[in-house]
Structure formats: structure tokens, C-alpha cells
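Spelled out, the chains give:
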Amino acid sequence: MRQAKNLLQIAGLQIEHLRYVEDIATNYILQEFVGTELVTETSEIMLEQGKGVILEVGVNAEENHTVVPLLAGKSLVDARNALWEAGLNCGELDYDGSITPTNKNLSRVFKQSMLQGMSTQLGTFVSLHLTVDDEKISNGIKENEEYMKSRLEEENTENVSVENAG
């Protein structure tokens, strides 16, 4: 999968989204599509640079889960890459009122629809909210950190309860 992503980037293309289908070979690229058209070795499809390709990826039903990475503070390009590396898709994008055509490329994620550390199925779409407001970005990072801290505290409490019961 990483190799496919790298080859697409070298060609000036990107992943539009990942579509997982049951197969014994988890994270193996089974097919590629441009829109609804299957890409084969003999295909002669022309795409503009920056356009996306749909990758159909195999997944063993027993391995169909992943953990959402921290996206707050990342640029859109870095957030998309982190999602794809985790086997997730970039969902809807929401730019706040601080974004203008001249600063859009400077925007960073301040909120994500699924917090860091959440477990989900491969191929899930994670929506992103972007801003250039440093305070919003800082608050978004803190929200994720607090969620992770509360999860660790819950896990520690559960582990202590199990040890005391045993």
C-alpha cells in the first residue's frame, strides 16, 4: 500500500480514497479505479496532476480494524497521509472563517470527527476541520490529549479492578 501511494505521488497523483474488500491479503492493492473505470496495464487514462485514484485494498475480516491517528496540528497533506497510512480515508473538509484563498495552504487541522486513539474499521472516513487560528489548533491538540489521558485512566482502572478481583 505504501508503495502504491508513493508511486501515485511520483506520478503527480494522489489517493482519492481506499475501498476495502474482503480478501486474504490485508493491505494488498487488488485493483485501481479512476471514477468507475477499472485501471489495467493497457488502460490509457489521462488525469490532471493532483487528481485521485481509488484503491481497492484487500482485508482479512479478522484484521479489519485500525486506530485513528492524531491529526490536530497537521497540514491537510500530512493529515491525509497519516489517514492513508492508518488505512483510513479523508472525509469532508470544513474550513473555518479564518481561511482565505491566500492562506488556505497554511491551514492546519484543529478538529477531527474521530479522536486520536479511537478504534474503527479500515476504510472509515474521518472528517477534518481546518483553520489558521493557532489557538483553535492548540485547543484541538489539547482535546485529543485529554481524550487519550482519560482512556489511559479508564484502562488503568479496569486493570486494577481485574487484579483485585483475581
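Residues numbered from 1 in each chain as written. Predicted model: local features only at pLDDT ≥ 70, side-chain atom pairs only at ≥ 80, totals over all residues. Heavy atoms only, no water.

**A short note on the sheet that holds strand 7 (residues 108–112)**
Applicable threshold: A pair of strands counts as paired when DSSP detects no fewer than two bridges linking them. Each helix is a run of H or I in the DSSP string that is no shorter than four residues. Each strand is a run of E no shorter than two, and both are numbered from the N terminus. For helices, the fitted line uses only the C-alpha atoms of the stretch in contact; every axis is such a line through C-alpha atoms, and the angle between N-to-C directions lies from 0 to 180 degrees.
Across the sheet, which stays open at both edges, the three strands sit in the order 6-9-7 with mixed pairing between neighbours. Either end of the sheet is taken by a strand with one partner, and the two such strands are strand 6 (89–95) and strand 7. In this sheet, neighbouring strand axes are inclined to one another by 40 degrees on average, regardless of whether the strands run parallel or antiparallel. Pairing analysis gives five bridges linking strand 6 to strand 9 (residues 125–131), with the strands arranged parallel.

**Comments concerning the sheet that holds strand 2 (residues 29–34)**
Pairing in this open sheet of four strands is mixed, and the strands run 1-4-2-3 from one edge to the other. Unpaired on one side and paired on the other, strand 1 (14–22) and strand 3 (37–39) mark the two borders of the sheet. Going across the sheet, the axis of each strand differs from the next one's by a mean of 35 degrees, ignoring polarity. Relative to strand 3, strand 2 runs antiparallel, the two sharing three bridges. By the bridge assignment for strand 3, Glu32 is matched with Val39.

**Considering the pattern of salt bridges**
Just so we agree on the cut-off: Basic side-chain nitrogens of Lys or Arg form a salt bridge, by our definition, when they fall within 4 Å of a carboxyl oxygen of Asp or Glu. Between buried and exposed lies partly exposed: a residue is buried under 20% and exposed over 50% of the maximum accessible area for its type, with that area taken using a 1.4 Å probe on protein chains only.
Taken as a whole and assessed by the stated rule, the structure comprises four salt bridges. Ionic pairing is found between Glu56 and Arg19, a salt bridge with its closest N-O pair at 3.7 Å. Pair noted here: Glu56 is in strand 4 (residues 52–59) and Arg19 is in strand 1, with a separation of 37 residues, a long-range link. In this structure Arg19 comes out as partly exposed when scored by relative accessible area, which is 31%.

**Here's the deal with helix 2 (residues 76–85)**
Counted only if it meets this: A contact between two residues is defined here by any heavy atoms of the two lying within 4.5 Å.
All of the buried residues in helix 2 are Leu76, Ala79, Asn81, Ala82, Leu83 and Trp84. Considering only its buried residues, helix 2 is in contact with helix 1 (2–10), strand 1, strand 6, strand 7 and strand 9. Following helix 2 by one or two positions, Gly87 adopts a phi angle in the positive range, close to 80 degrees.

**Focus on the packing of aromatic side chains**
This is how it is decided: In summary, the pairing rule links any two rings of Phe, Tyr or Trp, Trp by its six-membered ring, whose centres are within 6.5 Å, and it sorts them by plane angle into stacked for under 30 degrees, edge-to-face for over 60 and tilted for everything else. By definition here, charges over rings are those cases where NZ of Lys or CZ of Arg is within 6 Å of the ring centre and within 35 degrees of the ring normal.
Applying the stated criterion across every chain yields a total of zero aromatic pairs. Taking the ring centre of Phe33 as reference, the NZ or CZ of Arg19 above it sits at 4.8 Å. Of note, Lys136 hangs over the ring of Phe110, and the distance from its end group to the ring centre comes to 5.1 Å.

**Observations regarding the confidence of the model for the protein**
Here is the rule we go by: The pLDDT value tells you how sure the predictor is about a given residue, anywhere from 0 up to 100.
Of all residues in the protein, 95% attain a pLDDT of 70 or more, and the chain-wide mean is 89. Across the protein, the element-wise mean pLDDT spans from 81 in helix 3 (residues 134–165) up to 97 in strand 9.

**Description of the side chain of Thr120**
The criterion, for reference: Under this definition, polar contacts are N or O atom pairs within 3.5 Å; protein pairs additionally need one hydrogen-donor-capable and one acceptor-capable atom, and for neighbouring residues in sequence, both atoms have to be side-chain atoms.
Within the secondary structure, Thr120 sits in strand 8 (residues 119–120). Polar contacts involving the side chain of Thr120 include one to the side chain of Thr124, which spans 2.9 Å. Not counting the four nearest positions on each side in its chain, Thr120 is found in contact with Asn64, His65, Thr66, Val68, Leu88 and Met114.

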